[in-house]
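Here is what each chain is made of, one letter per residue.
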Amino acid sequence: MLSKEELERYARHILLRDVGGPGQQKLKRTRVLVVGAGGLGSPLLAYLAAAGVGTLGIVDDDSVALSNLQRQIIHDSEAVGLLKVESAAASLARINPHVTVQPHAIRLDEVNGKALLQSYDIVVDGTDNFDTRYLTAELCEEARKPLITGAVGMFDGSITTLKPYETGPEGHLNPRYRDLFPQRPAPGTIPACSEAGILGALTGVIGSMMALEVIKEIVGLGEGLVGRLILYDARASRFETIRYRRRKD
C-alpha cells in the first residue's frame, strides 16, 4: 500500500487515468536493473526513482571522473573518485527515500549476469560498449526479461525495447538485438566519447525516453518499442522511427 506521504509525492501520477493508484502500486512493486550509471543511466535512474519504482539495481564497476560531470548529472564534484554505484545510490536517496537502491559494483559477465537477472523484473541497458550490449541482450532473452536499450553518439541517439521470447500480433517471434545489429562493429571503427566527444544534454534526452519506456512497460501504458527503433538527430531536432523484424535463422 502507498503511505500518506507517497500518495502526496505521486499525486500527479495518480491523477492520470491511465496510471492512477493501481499503476503507482505496480511501480512500487517492480524491481528494475539498470546496467550503467553514466550518461544514459543518470537521467534514467533519477526519473525512475522520482516515479517511485520500488527497487533499483545499478550495475557499474567504474568510478566518477571529472570529465563525466558534463553529462552524468546524477554525480557531482564531490563524488569524483567514488564508485559510480555509491554516488548514484546517495543521489537517489536524496531524490526519493522510498526507493530501495541495490548497488552492484561489478562488470556484467555471463556468470554474474545470469544470477543477477533472476532478482529483477525489467532490465535497462545504458552502457557505452558493444560487448556489454550484446551480452545483456542475450542474458535477457534467456531469462525472459524485457530489455530497454539505448545508445548515443556525438549528436544522435537511439532507443528500442526487446522481448524476443514473445510473439507479436502476427504470431511471429519478436526480433532480437542481433536482428537489429547482426555483427559487432570492428574494434576502432566507432570512437568512444573520450575520443570523439559527446553533447552532454543529448544523454538527458535519450535517458529520459528510456525511463519513460520502462514506466510504460510497468504500468501497461500505450505502445512499447518492440520492433521499433527510435532515432534522434540532435542537430536537426528530428525523430525517426525504423521498424525491424526477426531475421530467419
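1. A look at the packing of aromatic side chains
If you walk through the whole model with that rule in mind, you get four aromatic pairs. Summarising the aromatic geometry, the rings of Phe-130 and Tyr-134 are spaced 6.5 Å apart at their centres and angled 40° between planes, so their arrangement reads as tilted. Note that Phe-130 and Tyr-134 are positioned in helix 7 (residues 130-143) at a spacing of four residues, about one turn of the helix. Judged by its relative accessible area of 1%, Tyr-134 is buried. Centre to centre, the rings of Tyr-177 and Phe-181 are 5.2 Å apart; their planes meet at 50°, and the pair counts as tilted. Here Tyr-177 falls in the buried class, since its relative accessible area comes to 7%. The exposure class assigned to Phe-181 is partly exposed, which follows from its relative accessible area of 30%. Each residue in the set Phe-130, Tyr-134, Tyr-177 and Phe-181 is aromatic and connected to the rest through ring pairs, giving one cluster. Its end group placed over the ring of Phe-130, Arg-133 keeps NZ or CZ at 4.7 Å from the ring centre. The aromatic ring of Tyr-134 is capped on one face by Arg-184, whose charged end is 4.6 Å from the ring centroid.

2. Considering unusual backbone geometry
Unusually for a residue other than glycine, Arg-144 sits at a positive phi of about 60°. Within the fold, Arg-144 resides in the loop between helix 7 and strand 5 (147-152). Positive phi outside glycine occurs at Ser-237, with the angle close to 50°. Relative to the elements of secondary structure, Ser-237 occurs in the loop between strand 7 (228-233) and strand 8 (238-243).

Analysis parameters
- Residues numbered from 1 in each chain as written.
- Predicted model: local features only at pLDDT ≥ 70, side-chain atom pairs only at ≥ 80, totals over all residues.
- Heavy atoms only, no water.
- Phe/Tyr/Trp six-rings, centres within 6.5 Å; stacked < 30°, edge-to-face > 60°.
- Helix = DSSP H or I, 4+ residues; strand = E, 2+ residues; numbered from the N terminus.
- Buried < 20%, exposed > 50% of the residue type's maximum accessible area, 1.4 Å probe, protein only.
- Lys NZ or Arg CZ within 6 Å of the ring centre and 35° of its normal.

Remember, this is a structural readout, not a statement about activity or role.
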